[in-house]
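# Understanding the architecture of this molecule
Now for the letters of each chain:
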Amino acid sequence: MNETFTSVSQEEAGFRDRARLSFDLDADICVIGAGLAGLSIALEAARLGASVAVLEGRHIGWNASGNQLGTVMPGFALPLTELIERIGFEDARELWTLSKQGAEFVRANATEANMPGIGPSDGVLEVSNVDAGDRLISRLQMLAGDFDTDVEGWQADRVREVLKTDRYFHGVYYPRAFQVDGRKYVHGLAALARRAGARIFEDTPVVSIDHSGIRKRIVTPSARLRATHIVLAGNIHLGAPLRRLSETLLPVWRYAGITAPLGERVHEVIAFKGSVMDSDGVDHFRIVDGDRLMWESPETTWAARPQRFSGTVRRRVRSIFPQLGNVEITETFGGATGQTVHGMPQIGQLRKGLWVASGFGRQGMNTSAMAGQMIARSILLGDERWRLFSPFELVWAGGATGRAAGQMVGIWGRASSAAAGSLARYRERARVKDREREARLAEANRAAGTGPRRPPPPGVRPRLAQPPKPAAEALEPASQDQGVSQ
Ligand SMILES: Cc1cc2nc3c(=O)[nH]c(=O)nc-3n(C[C@H](O)[C@H](O)[C@H](O)COP(=O)(O)OP(=O)(O)OC[C@H]3O[C@@H](n4cnc5c(N)ncnc54)[C@H](O)[C@@H]3O)c2cc1C
């Protein structure tokens, strides 16, 4: 693997030559926010020939987009069965297909030729914390049959061959899902967008917008911009330009850590090359730089310094793979994801020329790419498929109460996942013990000659078995039994 997960360099983070917007400008499209969403839209629109200006308040990839693991899978945070319930089978299938196209957009961009050191590799394994084989079968049938997605179901034995832990049972293997260096991808995307003609201005927060006219006005501290279309891709930090929009997102900060090199022992314990995530969304990890473990797990609904969570990451690693011992965490990072109440991203046109692309939650690689393609193609080619998102309205996320509730739900979700996992492992141990006990009993019977009777030799009439005693009689003491017969 040629990816190197060292800190994103100052140059990569854009500190060296950050261009601030210091003069008034006209463009076809103004994108607010240079994260994955804003840059995907800028790239696609510039490739289609539009003049695009991206305004970023801090620097490229400042938040989640520059601090993520780079796992790319099809689909959304909302489980597929719920998506079908919500919008029907045909529309769900179309959205799923679009989400796969989003993943393919990332694959096409994230080549070594385009982004040196991006290190793409195939295969993602989603593992179950509980023994839920039946659910797995119906899920596989739906994904492979109805949603045309390459998947393989792995039995617990196969999962445990590659992940030496009793924590995980069955798995769904996605051979076409993949991973790249997530923290490099956003800077590679910016470079591609610039190459296609988009202009990106950093240190340029948008403080207000006037979206009423045909030509819309965008105000920054040092200059103004006019554009026919504004795309709001500021995630939870959008703030003043449309505060009510930020309030439809529940901010959830996710944190990750990278261990010191672990040597050969990490391969003895984890023989799977791609990303692994559990179906409850608690842990997400993979091996990087040959023998280091990159592990994402802790989350909060308030901003905190990622360094605070190195102990939590270390404990998570130890609880899943105790054989690795007390690993040293040498690096931590994290960022805020915006989660919607319904679990689907916000993609669409709020009013003529005013677009939104946010709420990508924890699955932003493919979904933000999909948003980029849909919005750019709608503006420039009249493709109206973004309307498939119309059933998912902008719902207020509950403000401070929503955050507190979100934290409680998160804690409860993790606790119930842990409890369900413990119960599943307890049942598994009990099953193993039962099997061992039966084997010992059979062995003892064989030794004592009281095991299951062989058929009598030919010519010997079998004796009729005595009818069993009624239960009540069988419970009577022997002396009384004898007394009755006298
Ligand atoms: C630890 C972690 C691991 C993750 N791992 C994965 C993964 O493996 N796979 C995956 O698919 N997803 C992953 N995600 C989720 C993914 O990172 C996000 O969904 C995605 O980055 C969201 O992108 P965005 O562009 O919407 O938001 P952001 O990254 O938040 O970008 C928005 C940008 O807009 C700017 N902005 C906001 N307001 C203004 C304004 N008024 N003026 C100017 N600029 C403004 C901000 O400064 C920011 O840079 C992970 C997230 C985290 C935190």
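Relevant structure appears above.
Presented here is a report on the structure given in the accompanying data block. Here the structure is a predicted model, which is why all the values come from computation and not from measurement. (Residues numbered from 1 in each chain as written. Predicted model: local features only at pLDDT ≥ 70, side-chain atom pairs only at ≥ 80, totals over all residues. Heavy atoms only, no water.)

## Some thoughts on unusual backbone geometry
The backbone of D203 sits at a positive phi, close to 50°, despite the residue not being glycine. Here D203 lies in the loop between strand 7 (199-201) and strand 8 (208-210). What makes D203 partly exposed here is its relative accessible area of 25%. Within the chain, D289 stands out as a residue other than glycine whose phi angle is a positive 50°. (Helix = DSSP H or I, 4+ residues; strand = E, 2+ residues; numbered from the N terminus. Buried < 20%, exposed > 50% of the residue type's maximum accessible area, 1.4 Å probe, protein only.)

## So, the environment of G353
Tracing the chain through its elements places G353 in the loop between strand 16 (346-351) and strand 17 (354-358). For the pair formed by G353 and I379, sequence separation is 26 residues and the distance between their alpha carbons is 8.4 Å. With near-sequence residues (within four places) excluded, G353 lies in contact with K216, T228, H229 and I230. (Contact = heavy atoms within 4.5 Å.)

## Focus: the nonpolar core
Counting residues in hydrophobic clusters, the biggest one holds 73 residues, and the most contacted among them are V52, L83, L95, Y185, I347 and F389. Beyond its immediate chain neighbours, meaning those up to four positions away, I347 contacts V356, F360, T367, M370, A371, M374, I375, W386 and F389. Grouped together as the second largest cluster of nonpolar side chains are 25 residues, L125, Y168, V313 and V327 included. (Core = buried A, V, L, I, M, F, W, Y, C linked by side-chain atoms within 4.5 Å.)

## Topic: the site of the ligand
By nearness alone, 38 residues border the ligand, and E56, N63, S65, G361 and M365 come closest of all. Within the backbone of G361, one N or O atom sits 2.7 Å away from an oxygen atom of the ligand. When residues of the shell around the ligand are traced back to their parent elements, those giving at least two are helix 1 (36-47), strand 15 (329-339) and helix 10 (364-381). Structurally, the shell around the ligand is a two-domain feature, drawing no fewer than three residues from each of domain 1 (8-118 + 180-249 + 340-397) and domain 2 (121-179 + 257-336). (Near = heavy atom within 4 Å. Polar contact = N/O pair within 3.5 Å; in protein donor to acceptor, adjacent residues only side chain to side chain. Domains from an automatic or database assignment.)

## Some points on the packing of helix 1 against helix 10
Two numbers describe how helix 1 lies on helix 10: the axes approach to 8 Å, and their chain directions differ by 40°. Here helix 10 runs oblique to helix 1, going by the angle between their axes. The two elements helix 1 and helix 10 meet at a crossing, and its hand is right-handed. Note on element contacts: helix 10 touches helix 1 through G364, M365, S368, A369, A371, G372, Q373, I375, A376, R377 and L380, opposite L36, A37, S40, I41, E44 and A45. Partitioned by chemical class, the residues of the contact of helix 1 with helix 10 number 10 nonpolar, 5 polar and 2 charged. (Axes fitted to C-alpha atoms, helices over the stretch in contact; angles between N-to-C directions. Parallel < 35°, antiparallel > 145°, perpendicular 65-115°, else oblique. Left-handed = near helix turned anticlockwise from the far one by under 90°. Nonpolar A, V, L, I, M, F, W, Y, C, P; charged D, E, K, R; others polar.)

## Some thoughts on the side chain of H284
As for its placement among the helices and strands, H284 is situated in strand 13 (residues 284-288). Judged by its relative accessible area of 8%, H284 falls in the buried class. A polar atom in the side chain of H284 sits 2.8 Å from the side chain of T71. At 2.7 Å, the side chain of H284 and the side chain of E296 are in polar contact. The contacts of H284, once residues within four sequence positions are left out, are L69, T71, S275, V276, M277, M294, W295 and E296.

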